[in-house]
Amino acid sequence: YTLSLHDALPIWGGILIDVTVKITAIIMYCDESILNLELGNGYTIEKCYYDDFPFKSEIENGKNQLCIEYIGSRLHDENDSYFICLKKEDVFSIDGPQIVPGAVITDKTCQCEDEIGAYQEQEVQYLHKIFSLLRLYKNGNIGLYQTFFNYKFKVLGFINNTQNHTSKNSTRNAYDERKYMLATEDVERCNQFLRDYKLQIYSMMKPIIDEFVWGLEQIDAPTGFEQYTTALEMALLPVNQPGKKQMLSNRIAVLLGKNDAEVVGIHDKMLEFYRYRSESLHEGDGSNISKQELIEMENYVRQTITTIMQKCKCQLVIDNTKTWIDIKNDLMNELISEVENKKTAGIL
């Protein structure tokens, strides 16, 4: 539609428009054990039967069959097949189009694309953060492939506007079938983990966490292995550090090892893994990286990042003005000292 405003009409502007939004997404590769997780920011988790899913046509192919990406996430009970879904209903305000006398209002003018897009990007980034933290808490291919947004608002007080948008995570690995499941006693621990780390510490360590999550999304095992190694280097080494292999192996060993035998075992395993990574990256030979090796490396990276997050939490309790660079420097000095002690004792 096109509407022309004549000079006799007042200028329209300065009146905020309320936008009602409903956000829906299937949470992939999980079960009902996550229903009591507290995602924050107004999100809830619910069981939703396949036929009741409000965007059913969007998760099916042209033959009315469930898209392949969701097959491994479908659950069944005595009534029918269902999914675990996240939902949110919200109202937010936008300025809307600024109309002056003589202006021509088009359909595009009324879409308010920039303001709707800014809200949507903010929500997508929040969900990325929460699911990144969940995947740091434990293993399992939990995450989102499509997030559906239904917006309703009025422009100029009388033009009804309904929009359906989809945010699609096109790099999502929908083929890792490991399910994310929590024991009853683990739910509150996971909620506490989200509360502890979703603000300052996540922001400080976001580049490292993103590198780890990018590794999780890889279908090709050698590529995932390379991303995990990069995440470890970002966390524990100075930039452009020579002699990475030995230094990284030493530091991870003393960071994670609970006794001397564990320190030696982790050290030797990391040396081996670094060789696999080098063969893959520099020689194109990823034959040594099996699925089991990939999962073992994933667990080392997860433990490393979460251990550092705990140290960040302790440091920030003492001084909440510390930056990631401050904390990383303190950590590296601490690890250098511990490695020297192990070398003196003949363990490394």
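The sections below set out a description of the structure shown in this document. Positions within a chain are numbered from 1, following the residues in the order the chain's sequence is written. Only residues with pLDDT of at least 70 get local features here, since the model is predicted, and only at 80 or more are side-chain atom pairs given and counted; chain-wide, interface and lining totals rely on the full set of residues. Values shown for side chains rest on all heavy atoms present in the structure; no hydrogens or waters enter the calculation.

For Y29, which is not glycine, the phi torsion reads 50° and is therefore positive. Helix and strand labels come from DSSP, where a helix needs a run of H or I of at least four residues and a strand needs a run of E of at least two; each type is numbered from the N terminus. Within the secondary structure, Y29 is located in the loop between β2 (17-26) and β3 (44-49). Only protein chains enter the accessibility calculation, which uses a 1.4 Å probe. A residue is then buried if its area is under 20% of the maximum for its type, exposed if over 50%, and partly exposed in between. On the basis of relative accessible area, Y29 is assigned to the buried category, the value being 2%. Here the phi dihedral of C112 falls at roughly 50°; this positive angle occurs in a residue that is not glycine. Topologically, C112 is positioned in the loop between α2 (107-111) and α3 (113-137). Relative accessible area serves as the criterion here: at 7%, C112 is assigned to the buried category.

Listing the buried residues of helix α4 (residues 184-197) in full gives D186, V187, C190, N191, F193, L194 and Y197. On an axial view of α4, the arc spanned by its buried residues comes to 155°, and they lie on one face. Directions pointing from the helix axis toward each C-beta atom define the arc.

As a further point, take the packing of α3 against helix α9 (residues 291-318). Only the contacting stretch of a helix is used when fitting its axis, a line to C-alpha atoms as for every element, and angles between N-to-C directions run 0 to 180 degrees. Where α3 meets α9, the closest approach of the two axes is 9 Å, and the angle between their N-to-C directions is 110°. The angle between α3 and α9 falls in the class roughly perpendicular. Where α3 abuts α9, its residues L133, R135, L136 and Y137 lie against R302, I305, T306 and M309. Any residue that is not Ala, Val, Leu, Ile, Met, Phe, Trp, Tyr, Cys, Pro, Asp, Glu, Lys or Arg is counted as polar, Gly included; the first ten are nonpolar and the last four charged. Tallied by class, residues from the contact of α3 with α9 come to five nonpolar, one polar and two charged. In these notes the angle categories are as follows: under 35 degrees is roughly parallel, over 145 is roughly antiparallel, 65 to 115 is roughly perpendicular, and the rest is oblique. Here a residue-residue contact requires only that any non-hydrogen atoms of the pair lie within 4.5 Å.

Here is the rule: rings of Phe, Tyr and Trp (six-membered ring for Trp) pair when centre to centre is within 6.5 Å. Planes less than 30 degrees apart are stacked, more than 60 are edge-to-face, and the remainder are tilted. The full count for this structure, using the stated rule, is 18 aromatic pairs. Aromatic pair F92 and Y119: ring centres 3.8 Å apart, planes at 5°, arrangement stacked. Here F92 is found in strand β5 (residues 81-94), whereas its partner Y119 is found in helix α3, with 27 residues between them in sequence. Residues F92 and Y119 agree in their burial class; the two are buried. Here the aromatic residues Y50, Y70, F83 and Y145 are joined through ring pairs into a cluster of three or more. We call a charge positioned above a ring when the Lys NZ or Arg CZ atom is no farther than 6 Å from the ring centre and deviates by at most 35 degrees from the ring normal. K56 extends its terminal NZ or CZ atom over the ring of Y50, reaching a point 5.1 Å from the ring centre.

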